[in-house]
Amino acid sequence: MMSPHSPAKPQTDYDAIVVGAGFAGLYMLHKLREIGLSARVFETGSDVGGTWFWNRYPGARCDVYSMEYSYSFDEQLQQEWVWTERYPAQPEILKYIEHVADRFDLRRDIQFDTRVTAAHFDEETGIWLVKTEDGTTVTACYCIMASGALSASRKPDFEGLDDFGGTWYHTGQWPHDPVDFTGQRVAVIGTGSSGIQVTPMVAQQAANLTVFQRTPNFSIPAWNYPLSNAEQENWKRQAAHHRATAKASKSGALYQYSQRSALEVSDEERQGEFDARWSHGGANFTHAFNDLFKNKAANDLAADYVRRKISEIVQNKDIAAKLTPTDHAIGTKRICVDTDYYATFNRANVALVDARATPIQRITKEGIETTDDFYPVDSIVFATGYDAVTGALTRIDIRGRAGKSLKDKWSDGPKTYLGIMVAGFPNLFTLTGPGSPSILTNVVMSIEQHVEWVGNCLIHMAREELQLIEADQQAEDEWVEHVREVANGTLHVHADSWYMGANIPGKPRVMLPYVGGLGVYTRICDEVAAEGYRGFIQSKTA
Ligand code: NA7
């Protein structure tokens, strides 16, 4: 499509280095090849998959429908791949990603078992020097971070963990061989999406399971089911329409986005709407009315509905009360989608510990010590989450102009232009970076939008014989302010969520993703490009 040897290009090992071989890195590699650029992908894991390579815990499942949580860029792929369930389980998603890697022959440009430790921009030559854990340095014109928004797992920092005599696991770094909890005394620590998925599965195997919950979460049943051929064929026939609708929507997914306020309808109508959404299942619930994320009174009505459901499902009143969220508006922490989560607490072999009232003090050889009790366990499952959105980027020593580190630049919170480039870091792209819709959406759609935007930007650079593109400081400042302003108009900013960086001690309190919605965001990105990449400094030489 374009000459890979435009005169502006300096001598480098590759045109582009891509960090990560998950959904984003794979499509980026495919796109780079399509436009005639050479690329090398570095991946920490021993195979493709990213998030879905690591998250092998029992119950791991996506909370976006299979048909939608898949690439749309290749019509044949979309038509030929057959999903088996409404919501895809981790093994099936991984199989799909492996299929994509085979289908487009991607592995030959991917170096596995290779962690990138540093990426430094050399101002004199205008090239990126990317260093891997084994000490090798390679050079490239472009450095593209496809390192994931939920990939930097939070290492449990409990005192005494090294003394623990049993086995412990983190949901985000699950072993490849299946783990058998049969007959064991097991603890699950954490009740976010991962904890809520793993708990019912462990409960089925373990002799006894103790769930340590610091903050109760809202969860909506998945009502997962096997996809019939008819349903799947029907979807595929309308794929073009479905994809266009999803991409133009707020969440990049085909939810029924209501145009009504929860406060403008009768009690009966509201109840009917919530009932319908509850029996439909999934995150569609939070779109029942158009003001649930904006108006606390409206949100309370949705939250109360789910609270009532919890009290109906959970037989023991004390346990039901403990499981009932009261500290945040529904949806302002990631809404969970579960299979039998609340009902699991009706089992005789499952106990719940309120880890806020009686926090975990330390882990000993035999088990877990809280402020008022001791729980002997054989295995601990940490479902304690991630240094989300920024963690995978700031854990790498990324340096731009004048040796300035990204981590330092972001010490008060991430600053980007459109969530995709950073002032002072020319030719560095951050796929689904902070300040873009990313994890608030069906992330595969957000990934496709970013990869395609970057691809077009690189074509533009070749045509114009540009060596460097870089976010302008003022454009970045304005975007950061816009992201902040839009977030401040929502209830999100009041919750102690990982969206807000609140799960990591010392992390600045900033709404990390852009809340404006994927459709709106895509229009902005397209306008910026159409106006000659407004807000970007473009230069022919370093
Ligand atoms: P989350 O949603 O960050 O959940 C982590 C959970 O771990 C959450 O309930 C935390 O409680 C809990 N946690 C963390 N540290 C502790 C300590 N010290 N003691 C007790 N409990 C603790 O991560 P997930 O992996 O579940 O989900 C991440 C995303 O992946 C998810 O939203 C989907 O998009 C996929 P807290 O709420 O901080 O009180």
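Since the model is a prediction, treat every value here as computed from it, not as a measurement.

### Some details on the sheet that holds strand β9 (residues 208-213)
- Ordered in space as β7-β16-β8-β9-β12, the five strands form an open sheet in which the pairing is parallel. Sheet topology places β7 (167-170) and β12 (350-354) at the edges, where each strand pairs with a single neighbour. Taking the axes of each pair of neighbouring strands and ignoring which way they run, one obtains an average angle of 20° across the sheet.

### Things to note about the site of the ligand
- Of all residues adjacent to the ligand, which total 19 residues, the nearest are T191, S194, R214, T215 and K333.
- Measuring from an oxygen atom of the ligand, one finds a side-chain N or O atom of S194 at 2.6 Å.
- In this structure, an oxygen atom belonging to the ligand sits 3.2 Å away from a main-chain N or O atom of A383.
- Protein contacts shield 87% of the accessible area of the ligand, which totals 790 Å² for the unbound molecule.
- Looking at the shell around the ligand residue by residue, the class counts come to six nonpolar, eight polar and five charged.

### Describing the domain arrangement of the protein chain
- What the domain assignment lists for the protein chain is domain 1 (14-152 + 388-539) and domain 2 (161-382).
- Inter-centroid distance (C-alpha atoms) of domain 1 to domain 2 is 27 Å.
- Each side of the interface is counted separately: domain 1 has 47 residues, and domain 2 has 47 residues.
- With both sides pooled, the region where domain 1 packs onto domain 2 buries about 4,100 Å², and carbon together with sulfur makes up 51% of that total.
- Contact with domain 2 buries surface across domain 1, with M67, R86 and L491 losing the most and accounting together for 19% of the total.
- Joining domain 1 to domain 2, the criterion identifies two salt bridges.
- Across the pair D63 and R334 runs a salt bridge whose closest N-O atoms are separated by 3.0 Å.
- For the interface between domain 1 and domain 2, the tally reads 29 residue pairs in polar contact (both at pLDDT 80 or more).
- Those elements that provide at least two residues to the side of domain 1 that touches domain 2 are α2 (51-54), α3 (75-80), α14 (443-463) and α16 (518-530).
- A class-by-class count of the residues in the side of domain 1 that touches domain 2 yields 21 nonpolar, 17 polar and nine charged.

### Some remarks on helix α8 (residues 267-280)
- When the terminal C-alpha atoms of α8 are compared, their 20 Å separation across 14 residues agrees well with the 20 Å that a helix rising 1.5 Å per residue should span.
- Residues of α8 that are buried sit in contact with β10 (219-221) and α9 (296-313).
- Two residues or fewer after α8 comes G281, characterised by a positive phi angle close to 90°.

### Remarks on the packing of α8 against α9
- Remark: α8 packs on α9, axes separated minimally by 11 Å, with the N-to-C direction vectors making an angle of 60°. On the basis of their axis angle, the class for α8 and α9 is oblique. Along this stretch, α8 crosses α9, giving a crossing that reads as right-handed. Of the residues in α9, those in contact with R270, Q271, F274, D275 and W278 of α8 are L301, A302, Y305, V306, R308, K309 and I313.

### Focus: the nonpolar core
- Membership of the largest hydrophobic core comes to 71 residues, with the highest contact counts inside it found for F23, I144, L418, F429, W453 and F536.
- Broken down by element, the residue count for this core peaks at 11 residues, all from α14.
- Counting contributing residues, this core receives three or more from each of domain 1 (14-152 + 388-539) and domain 2 (161-382).
- In this structure, V211, I220, F274 and L352 belong to the second largest nonpolar core, which totals 47 residues.

### Brief notes about the side chain of N217
- For N217, the location among the structural elements is in the loop between β9 and β10.
- One polar contact links the side chain of N217 to the main-chain carbonyl oxygen of T191, over a distance of 2.8 Å.

### Brief notes about the packing of aromatic side chains
- A full pass over the atoms with the stated rule returns 38 aromatic pairs.
- Ring centres of Y514 and Y521 lie 6.0 Å apart, and the angle between their planes is 50°; this geometry places the pair in the tilted category.
- The exposure class assigned to Y521 is buried, which follows from its relative accessible area of 0%.
- Between the NZ or CZ atom of R56 and the centre of the ring of F53, over which it lies, the distance is 4.8 Å.

### A few points about the environment of V483
- Within the secondary structure layout, V483 lies in helix α15 (residues 473-488).
- With 193 residues separating them in the primary sequence, V483 and N290 have C-alpha atoms 20 Å apart.
- If we ignore the near neighbours within four places in the chain, the residues touching V483 are G435, M511, P513 and Y514.

### Comments concerning α14
- Between the first and last C-alpha of α14 there are 30 Å, a value that for 21 residues agrees with the 30 Å anticipated at 1.5 Å per step.
- Across the 21 residues of α14, 18 count as buried, placing the element largely inside the fold.

### Brief notes about the packing of α14 against α16
- The N-to-C vectors of α14 and α16 enclose an angle of 0°; their axes lie 11 Å apart at closest approach. For the element pair α14 / α16, the angle class is roughly parallel. Mapping the contact onto sequence places M445, S446, Q449, H450 and W453 in α14 and L518, Y521, T522, C525, D526, V528 and A529 in α16.
- Partitioning the contact of α14 with α16 into residue classes produces seven nonpolar, four polar and one charged.

### Looking at the sheet that holds strand β15 (residues 374-376)
- One open sheet holds the three strands; their spatial order is β13-β14-β15, and the pairing between them is antiparallel. Where the open sheet ends on each side, the last strands, each with one partner, are β13 (360-363) and β15. In this sheet, adjacent strand axes meet at a mean angle of 20° when their direction is disregarded.

### Here we look at the state of the cysteines
- Scanning the entire structure with this criterion turns up zero disulfides.
- The cysteine C141 is free of any disulfide, with C143 supplying the nearest cysteine sulfur at 12 Å.
- Of all cysteine sulfurs, the one in C525 lies closest to C457, which takes part in no disulfide; the gap is 11 Å.

### Here we look at unusual backbone geometry
- One non-glycine residue, D105, adopts positive backbone phi at about 50°.
- Residue placement: D105 occurs in the loop between α4 (90-103) and β3 (110-111).
- Here D105 falls in the partly exposed class, since its relative accessible area comes to 40%.
- Backbone geometry at V389 places phi at a positive 70°, although glycine is not the residue there.
- Tracing the sequence through the fold places V389 in the loop between β16 (379-382) and α12 (391-394).

Conventions and cut-offs
Residues numbered from 1 in each chain as written. Predicted model: local features only at pLDDT ≥ 70, side-chain atom pairs only at ≥ 80, totals over all residues. Heavy atoms only, no water. Pairing = 2+ DSSP bridges. Helix = DSSP H or I, 4+ residues; strand = E, 2+ residues; numbered from the N terminus. Axes fitted to C-alpha atoms, helices over the stretch in contact; angles between N-to-C directions. Near = heavy atom within 4 Å. Polar contact = N/O pair within 3.5 Å; in protein donor to acceptor, adjacent residues only side chain to side chain. Areas by Shrake-Rupley, 256 points an atom, 1.4 Å probe, with all protein chains shown as cover. Nonpolar A, V, L, I, M, F, W, Y, C, P; charged D, E, K, R; others polar. Domains from an automatic or database assignment. Contact = heavy atoms within 4.5 Å. Buried area = accessible area lost by both parts, 1.4 Å probe. Salt bridge = Lys/Arg side-chain N within 4 Å of Asp/Glu carboxyl O. Expected span 1.5 Å × (residues − 1). Parallel < 35°, antiparallel > 145°, perpendicular 65-115°, else oblique. Left-handed = near helix turned anticlockwise from the far one by under 90°. Core = buried A, V, L, I, M, F, W, Y, C linked by side-chain atoms within 4.5 Å. Buried < 20%, exposed > 50% of the residue type's maximum accessible area, 1.4 Å probe, protein only. Phe/Tyr/Trp six-rings, centres within 6.5 Å; stacked < 30°, edge-to-face > 60°. Lys NZ or Arg CZ within 6 Å of the ring centre and 35° of its normal. Disulfide = S-S within 2.5 Å.

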